[in-house]
Amino acid sequence: MTSLFACRLRAAVRLAASTVFALAAALPVAHAGLFSSNRNGSPAGVTLATWNIAWLMTPWTHEELAARCVRQQPGSRERALPCTPGRTPPPRRTTTDLDALARHADLLRTREDVDLVALQEVDGPEAARQVFRQGWRVDCFVQRAHPQKVGFAVRDGVPYRCNGDLTTLDVDGTSRAGADISLWPGTPREVRVLAVHLKSGCFTGKLDRSFGPCQRLQQQVPVVEAWIDQRVREGVALAVLGDFNRHLAKDARFPAGPDETAPLNVIQAWSDQQPPGAELLRATDGQPYLPCDAEDTHNQYIDDILIDRRLADRNRNRRFARLPYEARDQGRTLSDHCPVIWSLRP
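All of the points below concern the structure found in this document. (Residues numbered from 1 in each chain as written. Predicted model: local features only at pLDDT ≥ 70, side-chain atom pairs only at ≥ 80, totals over all residues. Heavy atoms only, no water.)

**A short note on the packing of aromatic side chains**
Centre-to-centre distance and the angle between the planes together describe a pair of aromatic rings. Basically, it comes down to this: Ring pairs are drawn from Phe, Tyr and Trp, using the six-membered ring of Trp, whenever the two centres fall within 6.5 Å, and their geometry is named by plane angle: stacked under 30 degrees, edge-to-face over 60, tilted for the rest. Secondary structure elements follow DSSP: runs of H or I no shorter than four residues count as helices, runs of E no shorter than two count as strands, and numbering proceeds from the N terminus. Residue burial is assigned from relative accessible area. The probe radius is 1.4 Å, only protein chains are included, and a residue is buried under 20% of its type maximum, exposed over 50%, and partly exposed in between. Placement of a charge over a ring requires the Lys NZ or Arg CZ to be within 6 Å of the ring centre, with the centre-to-atom vector within 35 degrees of the ring normal.
Within the structure shown, the criterion is met by 5 aromatic pairs. Between the aromatic rings of Tyr-301 and Phe-320, the centroid separation amounts to 5.8 Å while the plane-to-plane angle is 80°, which identifies the pairing as edge-to-face. On the criterion of sequence distance, the pair formed by Tyr-301 in the loop between strand 9 (280-282) and strand 10 (303-308) and Phe-320 in strand 11 (residues 317-322) is long-range, its members being 19 residues apart. The buried category is assigned to Phe-320, whose relative accessible area is 14%. Clustering of aromatic rings is evident, with ring pairs tying together Trp-51, Phe-132 and Trp-136. A cation over a ring is seen here: Arg-189 above Trp-184, with NZ or CZ 3.7 Å from the ring centre. Between Arg-231 and the ring centre of Trp-227, over which it is positioned, the NZ or CZ distance is 5.1 Å.

**Some words on helix 5 (residues 212-234)**
So the rule is basically this: Helix span, as expected, comes to 1.5 Å for every residue beyond the first.
Taking 1.5 Å per residue as the helical rise, helix 5 with its 23 residues ought to reach 33 Å, and the 34 Å between its terminal C-alpha atoms agrees with that figure. Looking one or two places after helix 5, you find Gly-235, whose phi comes out positive at around 80°.

**Focus: the environment of Ser-335**
Where we set the bar: Within 3.5 Å is the distance limit for a polar contact, defined as a pair of N or O atoms, with the added protein rule that one can donate a hydrogen and the other accept it, and that residues adjacent in sequence qualify only through two side-chain atoms.
In this structure, Ser-335 sits in the loop between strand 11 and strand 12 (340-345). Exposure remark for Ser-335: the relative accessible area of 13% places this residue in the buried category. Through-space distance from the C-alpha of Ser-335 to that of Trp-51 is 9.2 Å; in sequence the pair is 284 residues apart. There is a polar contact of 2.7 Å between the side chain of Ser-335 and the backbone oxygen of Asn-52. There is a polar contact of 3.1 Å between the side chain of Ser-335 and the backbone nitrogen of His-337.

**A look at the pairing of strand 6 (residues 178-183)**
So the rule is basically this: Only strands that DSSP links by at least two bridges are regarded as paired with each other.
Most of strand 6 sits out of view: 6 of its 6 residues are buried. The alternating pattern of strand 6 places Gly-178, Asp-180 and Ser-182 and Ala-179, Ile-181 and Leu-183 on opposite faces, both of which are buried. Sheet topology places strand 5 (residues 160-166) next to strand 6; 5 bridges connect them, and they run antiparallel. Within strand 6, the position partnered with Cys-162 by the bridge is Ile-181. Here 5 bridges tie strand 6 to strand 7 (residues 191-197), and the two strands are oriented antiparallel to one another. Paired with Ser-182 across the strands is Arg-192, a residue of strand 7.

**Some points on the state of the cysteines**
Spelled out, the test is: Note on terminology: pairs of cysteine sulfur atoms within 2.5 Å are recorded as disulfides.
Evaluated as defined, the whole model comprises 4 disulfides. What pairs with Cys-69 in a disulfide is Cys-83, and their sulfur atoms sit 2.1 Å apart. Taking the sign of the S-S torsion, about 90° here, the bridge from Cys-69 to Cys-83 comes out right-handed. Of the two residues, Cys-69 sits in the loop between helix 2 (59-66) and helix 3 (95-110) while Cys-83 sits in the loop between helix 2 and helix 3, which places them 14 residues apart along the sequence. With relative accessibility at 29%, the residue Cys-69 sits in the partly exposed group. For Cys-83, a relative accessible area of 29% corresponds to the partly exposed category. Residue Cys-140 pairs covalently with Cys-162 via a disulfide, S to S 2.0 Å. In this structure, the disulfide formed by Cys-140 and Cys-162 twists by about -80° around the S-S bond and is classed as left-handed. Note that Cys-140 is positioned in the loop between strand 3 (136-139) and strand 4 (149-155) and Cys-162 in strand 5, a separation of 22 residues in sequence. Cysteines bonded in the chain are numbered consecutively along the chain; their disulfide partners then correspond to 1-2, 3-4, 5-6, 7-8.

**A few points about the pairing of strand 8 (residues 237-243)**
Burial within strand 8 is extensive, with 7 of its 7 residues counted as buried. Bridging between strand 7 and strand 8 involves 7 bridges; their strand directions are parallel. By the bridge assignment, Val-193 is partnered in strand 8 with Ala-239. As paired elements, strand 8 and strand 10 share 5 bridges and run antiparallel to each other. Bridge pairing in strand 10 links Gly-242 to Asp-304.

**Some words on the sheet that holds strand 11**
Note the cut-off: Every axis in this analysis is a line fitted to C-alpha atoms, fitted for helices over the stretch in contact. Angles between the N-to-C directions lie between 0 and 180 degrees. Working rule for contacts: check all heavy atoms of both residues, and any pair within 4.5 Å makes them a contact.
Read from one edge to the other, the open sheet built from 6 strands follows the order 3-4-2-1-12-11, with strand pairing classed as mixed. Of all the strands in the sheet, just strand 3 and strand 11 have a single pairing partner and so form its edges. On average, each strand axis in the sheet is tilted by 20° relative to the strand beside it, whichever way the strands run. In this structure, strand 11 lies alongside strand 12, joined through 6 bridges in antiparallel fashion. For Arg-319, the partnering residue across the bridge sits in strand 12 and is Ser-343. Sheet strands touched by helix 3: strand 1 (46-56), strand 2 (116-122), strand 3, strand 4 and strand 12. Its angle to strand 1, the strand with the most contacts, is close to 170°.

Below, the structure written as structure tokens:
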């Protein structure tokens, strides 16, 4: 009887094990990290970063385009580099420069545990792969001939979906469209992310001035607001991040004004509780400026990360970080920007 019972027990164990293995094998590999959680069992958070890598392109692209550069800033449909008299031309990088940038990107993954990096001034996936090598996927870049593109680097194992370009952000044929991505799409953990590189030149002051950059930025603000409001109505957590070319700490002190189609400032146009839930928190709010290297002469952020109340409420443990360049890379041609990071945890 004992021997018969033991045989039946072993058979039952083998059957249970084979059933568990079959169920596990049936799960999609792309969703391997989907159900990760912290110690109390709630869904894990997300760590976001933004990085403008200053005209990042392949060396052969730079060589080709620099040989036939144009005097004015090219339009979005032009495959060209500017060589405007009196202005610094787009940088030419060596293999050593690219290796230094790649080490920096690796720190974002291994030390900062970043899930997604919004990229600006990167000439598409081929250029991005020079810096984001092992452990990253580069995707969802805007369809723009101009070498300054917006896109993303996503950590391996994080499910995502490209949502197409926010083309209306290119308000004049020379501005940059927005890149739109969903992380963990179709799950309770979903985050919709918009990467932007807004019009440069109107860093402070009201947007209604008779000054070209401010007029273009004033046109861009309602486009982003419409994107934010649509996500809020859909009930999807959101983030807007990138290079805003605006001193948002100062901007946030002033009202947007009554006309949503012609706002006077940026932050309060977006964070106005219309519709309810359209309230944004800013990564750099209250943070001292941390320079990128010893030669950094700036004292205010223009790179930032904004999240809505929904994402903030489910991630109350938030850690701001800046990743300056290493001292050993001083003097190399890297970028005049370095990553801004916001870790969001339950």
